[in-house]
Amino acid sequence: MRAVLRVGVIGAGLIGRDHIRRLTTVLAGIDVVAVADVDAFVAAQVAAPLGATVYPNGLALIAADEVDAVLVCSWGGTHEEYVLAAITAGKPVFCEKPLATTREACLRIVAAEVGHGRRLVQVGYMRRYDAAYRALKQVLDSGVIGAPLMMHCAHRNAGVPAFYEPENTITDTAVHEIDMVRWMFGAEIVAVRVLRPRVSRNAGSLPDPLLLVLELANEVLVDVEISVNVRYGYDIRGEILGEDGTVSLENPGLIAVRHAGRLAGPVPGDWRDRFATAYDVELREWADSVIGGGPPVGPGSWDGYAAAVVSDAAVRALRTGDRVAVTVDERPAIYS
Ligand code: NAD
Ligand code: ISE
């Protein structure tokens, strides 16, 4: 019989609750036994139907004997403390993106994991698990469109939560494309520019929209439109131009309605709709690696660090308007 993995979840907000739903109702062999949130009312509300224990804080949850593995779903600025504590406790930890909000914080996590001697950390860059992105990569790797030259991306949110700050356009949103292109092209990003068109009237105090230009070590150029108040829905686009053809993400909607002279189809509301299956696959594979006793197979601390280095550079580019070069430290052997 398959062993049951006992998971503790820190942060019971939007994605914490969505991951708890998938761990307990979509995936088999996983119990959510512990919940912690700075909002004790939210923690109690989420834990009650599961029969899970509410812990007064994330550190107490990580230390609990009943917790085999930890899911960190609190705000980005709190991730470092919890991931470091999980490494110290020798417990596998799945940390929602970003791994931490600065290059230095990510390096401290990398150093702790290297000191521990084996990989314990997976970071929630779920696009690597999305069927459409995987198909895009398969075509690229097959060579059918020839050597890649450019990629055009758009990352549009209908709106953003109240806690969202101006630089979150990079650190919370563009960071997905930053991770995705490293994985897609198997090359590091070496420089970044951020261009600012006229500000949307829906933008409030945010620099919205933005255009990032990412230069890769293999000379591929990637442009990324970030728009976080488009109102009409959640829209993720990507097209790769190769020497002999192109490959692009298509409309993820399942249906098209033709009626009264019009053609219409659904647009996802937010990331929960668009990437639901990707999150399912991501957490299934993570749980299987933990149950199997092996290292996580998905993006790890090094990928979290590499994304943070580029994201730091992009924040600098946003502030200054300059082209900012990116330098990555030497990759420790446990991440090769
Ligand atoms: P949210 O505000 O809905 O939820 C965060 C929860 O964490 C809140 O309940 C808050 O009270 C709690 N919290 C804050 N600080 C805490 C602390 N120190 N200890 C314990 N709990 C704490 O936010 P969200 O949208 O669920 O985002 C949470 C994280 O997940 C962020 O890092 C975000 O970037 C990431 N995220 C990832 C994706 C994705 O597509 N992979 C999607 C959404 C969010
Ligand atoms: C959110 O935190 C996510 O990670 C979503 O995938 C992204 O689209 C959104 O912009 C972020 O705020």
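That block above? That's the structure.
It should be emphasised that the depicted structure is a prediction, and the values quoted were computed from it without experimental measurement.

K.L.:
It is not clear to me how the overall build of the chain should be interpreted in this structure. Could you clarify?
P.N.:
When its secondary structure is counted, the chain shows ten helices and 15 strands. The C-alpha radius of gyration of the chain comes to 20 Å, within 12% of the 20 Å expected for a compact globule of 336 residues. Structurally, the chain occupies a C-alpha span of about 55 × 55 × 45 Å along its principal axes. The proportion of buried residues among the 336 residues of the chain is 51%. Looking at the chain alone, contacts between residues at least 24 apart form 73% of all its contacts between residues at least 6 apart. Of note, the chain has its 32 positive side-chain charges centred 3 Å away from the centre of its 41 negative side-chain charges.

K.L.:
Just checking my understanding: could you explain the site of ligand 2 for this structure?
P.N.:
Every residue close to ligand 2 is listed here: K97, M126, H155, N157, Y164, D172, T173, H176, Y234 and W271. Within the side chain of N157, an N or O atom sits 2.6 Å from an oxygen atom of ligand 2. Summarising the interface, the protein chains cover 88% of the accessible area of ligand 2, which totals 300 Å² for the free molecule. Among the cavities detected, the one that contains ligand 2 is the largest pocket. Among the elements that make up the shell around ligand 2, the one with the highest residue count is helix α7 (residues 168-185) (three residues).

K.L.:
Explain the site of ligand 1 to me, please; I cannot follow it from the model alone.
P.N.:
The immediate surroundings of ligand 1 are formed by 25 residues, with D37, W75, Y82, D172 and Y279 found nearest. Between ligand 1 and I15, the relevant distance is 2.9 Å, taken from an oxygen atom to a main-chain nitrogen or oxygen of the residue. With respect to ligand 1, the backbone of V38 contributes an N or O atom lying 3.3 Å from a nitrogen atom. Relative to its free-state accessible area of 840 Å², ligand 1 is covered by the protein chains to the extent of 89%. More than half of the atoms of ligand 1 fall within 2 Å of the grid points belonging to the largest pocket. Mapped by element, the contributors of at least two residues to the shell around ligand 1 are α1 (14-26), α4 (79-89) and α7. For the shell around ligand 1, the residue count by class is 13 nonpolar, eight polar and four charged.

K.L.:
What's the story with α7 in this structure? I'm lost.
P.N.:
Along an α-helix, residues three or four apart share an orientation, since each turn contains 3.6 residues. Between its first and last C-alpha, α7 extends 25 Å over 18 residues, near the 26 Å set by a 1.5 Å rise per residue. Burial runs high along α7: 17 of the 18 residues are buried. Phi for G186, located one or two positions after α7, is positive at around 60 degrees.

K.L.:
In this structure, what is going on with the sheet that holds strand β12 (residues 246-248)? I would like to understand it.
P.N.:
Strands belonging to one sheet form pairs held by backbone hydrogen bonds; the direction of such a pair is parallel or antiparallel. What the seven strands build is an open sheet, ordered β12-β11-β7-β10-β9-β8-β15; its pairing is mixed. Two strands bound the open sheet, and with one partner strand each, they are β12 and β15 (324-325). In this sheet, β12 lies alongside strand β11 (residues 235-242) in antiparallel orientation, the contact comprising three bridges. Looking at β12, one finds that I240 is bridged to V247. Against the sheet, α7 makes contact with β7 (148-156), β8 (189-195), β9 (210-216), β10 (221-227) and β11, and its axis sits at roughly 150 degrees relative to β7, the strand it touches most.

K.L.:
Help me out: how do you make sense of the pattern of salt bridges in this one?
P.N.:
Two side chains that carry opposite charge are able to pair once their charged atoms sit near each other. Applying the stated rule across the entire model yields 23 salt bridges. With a closest N to O distance of 3.2 Å, D18 and R22 form a salt bridge. Of the two residues, D18 and R22 both sit in helix α1, four residues apart, roughly one turn of that helix. Taken as a pair, D18 and R22 share a single burial class, namely buried. The salt bridge partner of R22 is D280, with a shortest N-O separation of 2.6 Å. Residue R22 is located in helix α1, and its partner D280 is located in helix α9 (residues 276-292); the two are separated by 258 residues in the primary sequence. Like R22, the residue D280 is buried in the burial classification. Where salt bridges share partners, they join R128, D179, R182, E188, D303 and R331 into one cluster.

K.L.:
Before we go on, may I ask you to explain the pairing of strand β1 (residues 5-10) in this structure?
P.N.:
As a general feature of sheets, a regular strand has side chains that alternate between the two faces. Where burial is concerned, most of β1 is hidden: five out of the six residues are buried. Relative to strand β2 (residues 30-36), β1 is paired through six bridges, and the arrangement is parallel. Within β2, the position partnered with L5 by the bridge is I30. Chirality of the crossover, the property in question, places the unit of β1, α1 and β2 among those that are right-handed. Examined bridge by bridge, β1 and strand β4 (residues 69-72) share four bridges and lie parallel to one another. If you follow I10 over to β4, its bridge partner there is V72.

Cut-off values and rules
Residues numbered from 1 in each chain as written. Chains lettered and ligands numbered in written order. Predicted model: local features only at pLDDT ≥ 70, side-chain atom pairs only at ≥ 80, totals over all residues. Heavy atoms only, no water. Helix = DSSP H or I, 4+ residues; strand = E, 2+ residues; numbered from the N terminus. Rg over C-alpha atoms; globule rule 2.2 N^0.38 Å. Buried < 20%, exposed > 50% of the residue type's maximum accessible area, 1.4 Å probe, protein only. Contact = heavy atoms within 4.5 Å. Lys, Arg positive; Asp, Glu negative; His and termini not counted. Charge placed at Lys NZ, Arg CZ, Asp CG, Glu CD. Near = heavy atom within 4 Å. Polar contact = N/O pair within 3.5 Å; in protein donor to acceptor, adjacent residues only side chain to side chain. Areas by Shrake-Rupley, 256 points an atom, 1.4 Å probe, with all protein chains shown as cover. 1 Å grid on protein atoms, 1.4 Å probe; cavity = no way out; pocket = protein on both sides within 12 Å on 5 of 7 lines; lining within 4 Å. Sits in = over half its atoms within 2 Å of the grid points. Nonpolar A, V, L, I, M, F, W, Y, C, P; charged D, E, K, R; others polar. Expected span 1.5 Å × (residues − 1). Pairing = 2+ DSSP bridges. Axes fitted to C-alpha atoms, helices over the stretch in contact; angles between N-to-C directions. Salt bridge = Lys/Arg side-chain N within 4 Å of Asp/Glu carboxyl O. Right-handed = clockwise from strand over helix to strand, strands pointing away.

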